[in-house]
Every structure is written in C-alpha cells, then in structure tokens.
Amino acid sequence: MAGAVSAGGDGWSSRTAFVLAAIGSAVGLGNLVRFPAEAGANGGGAFVIFYIFCVLLIGLPILLSETVIGRHGQASAVESMKRVAIESRASTWWSLVAGIGMCGAFLVLAYYSVLAGWIVHYIGVFAGDFFSAVGASAPARGALHGFSVDEVQAILPALHANSREMIAMHAIFMVLTIIAVGRGVSSGIEKVAVWLMPTFFFLLIAITIYGAFTGSFAAALAFLFDFEPARLLDPAVQLSALGQALFSLSLGSALMVTYGAYAARDINLAKTSAQIATADTSVAIIAGLAIFPITFSVLAPASLSAILDGQEQVQGGLGLLFVNLPVAFQTMPAGSLIGLLFFIMVFFAALTSAVALLEASVSWAIGRFKQPRWLVSILLGGLAFLIGAWASFSFNSQADFHPFDFMIFSGQPVFGIIDELTAKILLPTSALLLSIFVGWIADRRLIDSENGLDGNLHRIWLFLVRWLCPLVISAILLTGLFPGILGQG
Ligand code: PHE
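Described below are features of the structure shown in this document. (Residues numbered from 1 in each chain as written. Predicted model: local features only at pLDDT ≥ 70, side-chain atom pairs only at ≥ 80, totals over all residues. Heavy atoms only, no water.)

## Things to note about the packing of aromatic side chains
The criterion, for reference: Each Phe, Tyr or Trp ring (for Trp, its six-membered ring) is paired with any other whose centre lies within 6.5 Å, and the angle between the two planes then decides the class: stacked below 30 degrees, edge-to-face above 60, tilted in between. Burial status follows relative accessibility: with a 1.4 Å probe on protein chains alone, a residue under 20% of its type maximum counts as buried, one over 50% as exposed, and anything between as partly exposed. The secondary structure listing takes helices from DSSP runs of H or I that are at least 4 residues long and strands from runs of E that are at least 2 residues long, numbered from the N terminus. Either the NZ atom of lysine or the CZ atom of arginine qualifies as a charge over a ring when it sits within 6 Å of the ring centre and within 35 degrees of the ring normal.
As enumerated under the stated definition, the model contains 25 aromatic pairs in all. A centroid spacing of 5.5 Å and a plane angle of 75° characterise the contact between phenylalanine 200 and phenylalanine 201, whose relative ring orientation is edge-to-face. We classify phenylalanine 201 as partly exposed; its relative accessible area is 28%. An angle of 25° between the planes, with centres 5.4 Å apart, marks the rings of phenylalanine 292 and phenylalanine 296 as stacked. Within this pair, phenylalanine 292 and its partner phenylalanine 296 are both found in helix 13 (residues 269-296), separated by 4 residues, close to a single helical turn. No difference in accessibility class separates phenylalanine 292 from phenylalanine 296, as the two residues are buried. What links up through ring pairs into an aromatic cluster is the set Trp118, Tyr122, Phe126, Phe322, Phe329, Phe342 and Phe343. Positioned above the aromatic ring of phenylalanine 247, the side-chain terminus of arginine 34 is 5.2 Å from the ring centre. Here the basic side chain of arginine 466 rests over the ring of tryptophan 440, its NZ or CZ set 4.4 Å away from the ring centre.

## Overview of the site of the ligand
Using the following cut-off: In these notes, residues near a molecule or strand are those with any non-hydrogen atom within 4 Å of it. Any N or O atom pair separated by 3.5 Å or less is treated as a polar contact, with the protein-specific requirement of one donor-capable and one acceptor-capable atom, and with residues adjacent in sequence counted only for side-chain atom pairs. Put plainly, a pocket is an open set of points on a 1 Å grid over the protein atoms alone with protein on both sides within 12 Å along at least five of seven lines, a cavity is a set where a 1.4 Å probe fits but cannot get out, and a lining residue has an atom within 4 Å of a point. A molecule is counted as occupying a cavity or pocket when more than half of its atoms fall within 2 Å of that pocket's grid points.
With respect to spatial proximity, 14 residues lie near the ligand, and among them Ala26, Gly30, Tyr112, Phe247 and Ser250 are the closest. Between tyrosine 112 and the ligand, the recorded distance is 2.6 Å, taken from a side-chain N or O atom to an oxygen atom. Take phenylalanine 247: an N or O atom from its main chain is 2.8 Å from a nitrogen atom of the ligand. Of all the cavities here, the one that holds the ligand is the largest cavity. Going through the elements one at a time, helix 2 (15-26), helix 3 (29-41), helix 11 (235-248) and helix 16 (335-369) are the ones with two or more residues in the shell around the ligand. Here the shell around the ligand gets 3 residues from one element, more than from any other, and that element is helix 3.

## What about the nonpolar core?
Inclusion rule: To form a nonpolar core, buried Ala, Val, Leu, Ile, Met, Phe, Trp, Tyr and Cys residues must be joined to one another through side-chain atoms within 4.5 Å. By the convention used here, residues are in contact when the closest approach between their heavy atoms is within 4.5 Å.
Ranked by internal contacts, the top residues of the largest apolar core, which has 173 residues, are Trp12, Trp118, Tyr259, Phe322 and Phe342. Not counting residues up to four positions away in its chain, the partners in contact with tyrosine 259 are Trp12, Phe18, Ala21, Ala22, Ser25, Ile189, Val355, Ala356 and Glu359.

## Section: helix 10 (residues 217-225)
The line we're drawing: The directions considered for the arc are those from the helix axis to the C-beta atoms.
Of all the positions in helix 10, only Ala220, Phe223 and Leu224 are classed as buried. When helix 10 is viewed along its axis, its buried side chains cluster within an angular range of 90° and face the same direction.

## Here's the deal with the side chain of serine 95
Note on placement: serine 95 falls in helix 6 (residues 95-135). Among the residues examined, serine 95 registers a relative accessible area of 12% and is labelled buried. Those residues in contact with serine 95 that sit more than four places away from it in its chain are Val78, Met81 and Lys82.

## A few points about a nonpolar patch on the surface
Under the convention used in this document: Two joining distances apply to patches: 9 Å for like charges and 5 Å for nonpolar side chains (Val, Leu, Ile, Met, Phe, Trp, Tyr), and every residue must have over 30% relative accessible area and no salt bridge. For accessible areas, the Shrake-Rupley method is used with a probe of radius 1.4 Å. Any residue's cover is judged against the shown protein chains and nothing else. Take a side-chain nitrogen of Lys or Arg and a carboxyl oxygen of Asp or Glu: if they are within 4 Å of each other, that pair is a salt bridge.
On the surface, Ile172, Val175, Leu176, Ile179, Trp374 and Ile378 cluster together into a nonpolar patch covering about 520 Å² of accessible area. Among the secondary structure elements, those contributing two or more residues to the nonpolar patch are helix 8 (163-182) and helix 17 (373-392). Per element, the largest residue contribution to the nonpolar patch is 4 residues, and it comes from helix 8. The topology assignment puts tryptophan 374 in helix 17. When its relative accessible area of 42% is taken as the criterion, tryptophan 374 is described as partly exposed.

## Observations concerning the pattern of salt bridges
One pass over the full model with this rule turns up 9 salt bridges. For arginine 83, the salt bridge identified is with glutamate 79, shortest N-O distance 3.3 Å. Of this pair, arginine 83 and glutamate 79 both sit in helix 5 (residues 77-87), separated by 4 residues, roughly a single helical turn. Residue class for glutamate 79 comes out partly exposed when judged on its relative accessible area of 29%. We note a salt bridge from lysine 424 to glutamate 420, for which the minimum N-O separation is 3.0 Å. Here lysine 424 pairs with glutamate 420, and both are found in helix 18 (residues 414-441), just 4 residues apart, close to one helical turn. A network of salt bridges, in which partner residues are shared, links Arg34, Glu38 and Asp419.

## Structural notes on the layout of surface pockets
Test applied: Grid points are joined across faces, edges and corners, and a volume is the space filled by probe spheres set on the points. Under the convention adopted here, Pro, Cys and the residues Ala, Val, Leu, Ile, Met, Phe, Trp and Tyr are nonpolar, Asp, Glu, Lys and Arg are charged, and Gly plus all remaining residues are polar.
Its volume calculated, the second largest pocket comes out at about 370 Å³. Of all the elements in the fold, those that place two or more residues in the lining of the second largest pocket are helix 1 (6-9), helix 5, helix 12 (255-261) and helix 16. Broken down by element, the residue count for the lining of the second largest pocket peaks at 5 residues, all from helix 16. When grouped by side-chain class, the residues that make up the lining of the second largest pocket number 8 nonpolar, 6 polar and 6 charged.

This is how it looks when you write it as structure tokens:
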C-alpha cells in the first residue's frame, strides 16, 4: 500500500506503520508514570473508572476527529485546520486551536525529556549494578546488591541535587529524539516505532507476569478497581481523569492531526482510532498491573495513597516510579535485571512519544518557514531542551521556588506547573474547541468522507462530538479549575 504523499512527499509506508507510530506516540510516560501516579493520588478505582469513561466517550471520538482533519488537510496540524476551515467557509482563526495544542505539545516535550533523562540515569544505575553483580558472581537473589534500601532511596534526591547530571541525561535523550525526527517520517519516526514498540510490548507482558508471581497482585487489583462511588463525583478526580485520557491518547496536542496527515487515503480511520485507543488504554492498565504488585510487595497500598495524596507528589507521583519501585526491586529475586529491563522498556515508550511531541511543531515549522527538516528539528529540539533544562532547576530548590502560586498550581515547582498547565488546561481547551469545530462548524460532507463510519456508529460519533465532548469537557474544566463553583471549594 502506498504511503500518503503529503508534507513534502513523506508519509507512513503502510497502515501498520501508521498504527504503530500512533500507538508509539500514545504509549509513553503518560501510561507508565502519570497514569499510576494519578490513579494513586485520586482514589485508585474511582479515577480508573472515570478515566475509561473519558477514553471511550470523549477521547475516542476526538481521536477520530483529529486524524480526519489531518488526513483531509494533508499538512501540519495548523495548516490542516486552516484548509478544512477554508473548505468549510469558516474563519481561518480555527487553526489557532491546533496552535494551542502544538504549543502544549512543545511544553510537554520540554519536561518529558527531562523525565526521560532520569530514566536514562536509572538504566545506568541498574545496568551498573546488574553487570557488577554478574562479574562478581553474586547470588541471584537480591537486586541492587551494591545498594542498601537507604541508598536506593537516595538515588533520586542525589540526581535532583545534581543539575549537571540531570541536564546531561536530558540532552542525550533530546539528541536521540532530534535524530529520529530529523530523519523524516518514513525513515526516522516510523522506524523508531516499528522497532521499539513490539519490544516494548514483549517487555511489558514479561514484567507483568513476573510481578504477578513475585509481587502482591491481589492488592494491586483491589487498588486499581475498588472505589468509593462518591469519589466519582469529585471534580478534581474528574479533571485528572479527563486530562490523563487526553494526554495519554496524545489528544488536544495537534499530534494526531499531524500523524493523520501522513496516512494513506485507503486507511479506515475509525478502525485505526479504535485500535490506538484500545492499545493505549490496555497498556495503562497493564502497566498498573505491573507496577503496583511489585511496589506493594514492600509498601502497603494505604501508605502509597498517603504519599501520593500529599502536595509534594502532585507533579506526577514521580516517587512511585523512581523511589518506591526501585526499593521493591531491591528486595526481589533477579531485581536488578528486571529493574534494568523495566527502565529500558520505559525508555522505549518515552522515545516514541517524544518523537511525536517534537514532530507536532517540526511539521508546522517546515511548512511555515520552508526550511530543511534537519535544521528545524535541531532548532526546535534545542529550544525545548533549554526550557527543560530551566525547569530541571526547580528540583534543586523545590521547597522555595513557587512562582505561580494560584489555582491548581499552588505549591508546585515549575516542572509540576508545566505538567498541570498542559494536561489540565491547554490540551482540554484545544480538544474542546476541536470537537466544536468538527461537530458544528466543519463541512459535514468533508468530514463524513474521511471518517470511515456509517449507520448507527456514525450517529453515535456525531452525537458524542457535538454534544457530549463539548459539554463534558467544559463542565469538567470549569469545576476542576474552580472547585468553588460547586460550593465545595
Ligand atoms: N501520549 C503520550 C504519553 O502518554 C504523551 C504525548 C502527548 C505524546 C501529546 C504526544 C502528544 O506519554
């Protein structure tokens, strides 16, 4: 099957490549770090149920809408929105919606790469420990042999205090991202996804089976699926679940529009969207079923909730992945090997997402400034690197550097602010406006010729995009950002 010939003649070489690249973009630190952390901080089961509701009824219809616009526009997200608006005789200002998303994606990239740099650091720590243990023929039991529990707990604070190391790792990761994007859609982005995603799935399943046998699987199941019904109505839980669903599916970030533009005409977008959403949601839940059993083998679920509920951890409960989980590995059989594989797996997922985050703005800049892809990738990647490096310092002075002390941001360092600003404001706003555009403004025939839906499915999709998405997203945005509206503030 021929690839799309949009965007300078480059495009996915096959349907599988498109699906894998889109899943690669969706599956990332959002599934492996953000999802478990948000679930932990927002009452476990209640969050998970609301999250699944958001994926099915809001995420999936918007995912389809985004790819439809991209494929019709055959250009960067901003340009595609503009073309669809022009063909629909609507204002070209609608392209701003994609612009908001693109800026969101760019900001996400800045801190995403910092976090991925931590992963690179942990790969180094676990690899060092594993290979020194192999060399010294140490007993198979007991991971991180060279470390005591206290020392494992000190890895992250030591990294936080060492900005130079943190920024160096962030640089390594950003360079890899730039190389993949610089090589282009079919010879860079697609190759990374086609090689890394299958390996990722294999590792995820292997580690989940390991966790099920060696960890506390029952406690993890209870944690992820038991819930107090009252928490389902908590606006903060709802906003977190909505933000997470959009973030995890890479929506409201111009990305799926961008990737849709590289898709060939004969690809059924409804079917691919369903596959992408299913894969992403399964990975989030399976990741929970890998991470929590291992963590709960040394830490009671109640203690974890208490830690995650604390203000300090709102920025993604990073401690779960970078402290609690390694401590658990420290005590488990073959833990340094499994820990090493775990962080390699997270690294693969992070790279395929970072590539997508950068591509969202690179494809726009190539079209806008008519400059070569390599140059644009280096410049934009370099700028995101600088913002991330600046944000990295917020860990060094976490206690007293709170420049934006209001609303949901209060008490957070820069890093957490970027995360909240993007996932809980920019992405939902962009997704909200996009659903209004596709549901009400864009030419019906144009949209229907791309979406691959008919009959009842088409009616349901239209209802969701026209009514449910705009209403639910605006209600959640308002009540989540201003809890006082419901008199609960
Ligand atoms: N969906 C990715 C994740 O879950 C993050 C991402 C957001 C990637 C937006 C691209 C665009 O980690």
